[in-house]
Amino acid sequence: MLTSKVAKRYAQGLLDFTNESGQTATVFSEMKDVVKIMTESEDLRKFFLTPYIDSKKKVEVANEIFKGLSASSRNIITLVIRHGRENQLKNIAQEFINKVEDINGVQRVVLTTATLLSKENIDQILGSTNLVNANSKFDLIVNVKPEILGGYILRVGDQQVDASVRSKLNKVKKDFQLN
């Protein structure tokens with residue numbers, strides 16, 4: 001997923017602030033909560049995206065929803081809303097999480113399969129590639145997309161292994177068209 005420049009800048013500013021104030025771990029945990037809330041609440045997303053609702057009202061609602069968060073987290077949420085960037089709030093929180101994980105050496109691994117796999121199969125796929133560093137921590141996301149027909153697509157950071165049946169069929173189709 002592409003992240004906007006706005007989200008990257010706000011996340012970097014928040015990271016710089018939390019590093020200086022020693023609150024990175026706390027805000028990291030709270031940003032996970034923000035992402036979860038923004039993902040699960042369709043009504044909240046619609047509320048923040050409504051252009052005719054005043055930013056003061058949006059700040060009030062955000063303060064009520066996120067009242068359990070630290071002052072630093074509430075302040076960044078308020079700042080984002082006051083600058084009219086509330087549509088980027090989830091992206092900013094996710095980008096902050098990504099930046100902290102990068103600093104801590106956590107790899108983000110996305111495995112896409114046609115059907116749900118057992119843990120043994122997932123471990124076997126991860127063990128068969130040198131993209132996943134066995135000595136480091138990684139965050140695994142498993143997506144099921146039947147349209148790949150079979151096999152898997154493994155994405156680690158900016159590298160990808162496409163061992164899906166669909167891509168192999170497309171390659172065969174292309175070879176036939178060329179000959």
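Before any of the text, the structure's been laid out above.
Residues numbered from 1 in each chain as written. Predicted model: local features only at pLDDT ≥ 70, side-chain atom pairs only at ≥ 80, totals over all residues. Heavy atoms only, no water.

Peer 1: Let's hear about the overall build of the protein: which residues, and what values?
Peer 2: Helix and strand counts for the protein come out as eight helices and four strands. Scanning the protein from its N terminus toward the C terminus, one meets helices and strands in the order α-α-α-α-α-α-β-α-β-β-β-α. For a compact globule of 179 residues, the expected C-alpha radius of gyration is about 16 Å, and the protein comes in at 20 Å, more than 25% above that figure. Taken along its principal axes, the extent of the C-alpha atoms in the protein is 65 × 40 × 30 Å. Put simply, the protein has 179 residues, and 36% of those count as buried. Counting only contacts in the protein whose residues sit at least 6 apart along the sequence, the fraction spanning at least 24 positions is 66%. In the form shown here, the protein has an accessible surface area of approximately 11,400 Å², with 52% of it arising from carbon and sulfur atoms. Charged side chains in the protein number 26 positive and 21 negative. The centres of these two groups are separated by 5 Å. (Helix = DSSP H or I, 4+ residues; strand = E, 2+ residues; numbered from the N terminus. Rg over C-alpha atoms; globule rule 2.2 N^0.38 Å. Buried < 20%, exposed > 50% of the residue type's maximum accessible area, 1.4 Å probe, protein only. Contact = heavy atoms within 4.5 Å. Areas by Shrake-Rupley, 256 points an atom, 1.4 Å probe, with all protein chains shown as cover. Lys, Arg positive; Asp, Glu negative; His and termini not counted. Charge placed at Lys NZ, Arg CZ, Asp CG, Glu CD.)

Peer 1: Give a detailed account of the sheet that holds strand β2 (residues 138-144), specifying residues and quantitative values.
Peer 2: Taken in spatial order, the four strands make up an open sheet running β2-β1-β3-β4, and their pairing is mixed. Looking at strand neighbours, the two that pair on one side only are β2 and β4 (159-164), the edges of this open sheet. Sheet twist, expressed as the mean angle between neighbouring strand axes with direction ignored, is 10°. (Pairing = 2+ DSSP bridges. Axes fitted to C-alpha atoms, helices over the stretch in contact; angles between N-to-C directions.)

Peer 1: Describe the pairing of strand β1 (residues 107-113), and please don't skip the residues or the numbers.
Peer 2: Within β1, five of the seven residues are buried, which leaves it mostly tucked inside the rest of the structure. The sheet contact formed by β1 and β2 spans seven bridges and is parallel. Counterpart to Val110 in the pairing with β2 is Ile141.

Peer 1: For a nonpolar patch on the surface, give the residues involved together with the corresponding values.
Peer 2: On the surface, Leu116, Val142 and Val144 cluster together into a nonpolar patch covering about 260 Å² of accessible area. Note on placement: Val144 falls in strand β2. Judged by relative accessible area, which is 40%, Val144 ranks as partly exposed. (Patch = residues over 30% accessible without salt bridge, like charges linked within 9 Å, V, L, I, M, F, W, Y side chains within 5 Å. Salt bridge = Lys/Arg side-chain N within 4 Å of Asp/Glu carboxyl O.)

Peer 1: Before we move on, can you summarise the pattern of salt bridges with the specific residues and values?
Peer 2: Scanning the model with the defined rule gives eight salt bridges in all. Between Glu95 and Lys99 there is a salt bridge, with the nearest N and O atoms lying 3.9 Å from each other. Of this pair, Glu95 and Lys99 are both found in helix α6 (residues 89-103), four residues apart, which corresponds to roughly one turn of the helix. As far as burial versus exposure is concerned, Glu95 and Lys99 are alike and both buried. Linking Lys171 and Asp175 is a salt bridge whose minimum nitrogen-to-oxygen distance equals 3.4 Å. Of this pair, Lys171 and Asp175 are both found in helix α8 (residues 165-178), four residues apart, which corresponds to roughly one turn of the helix.

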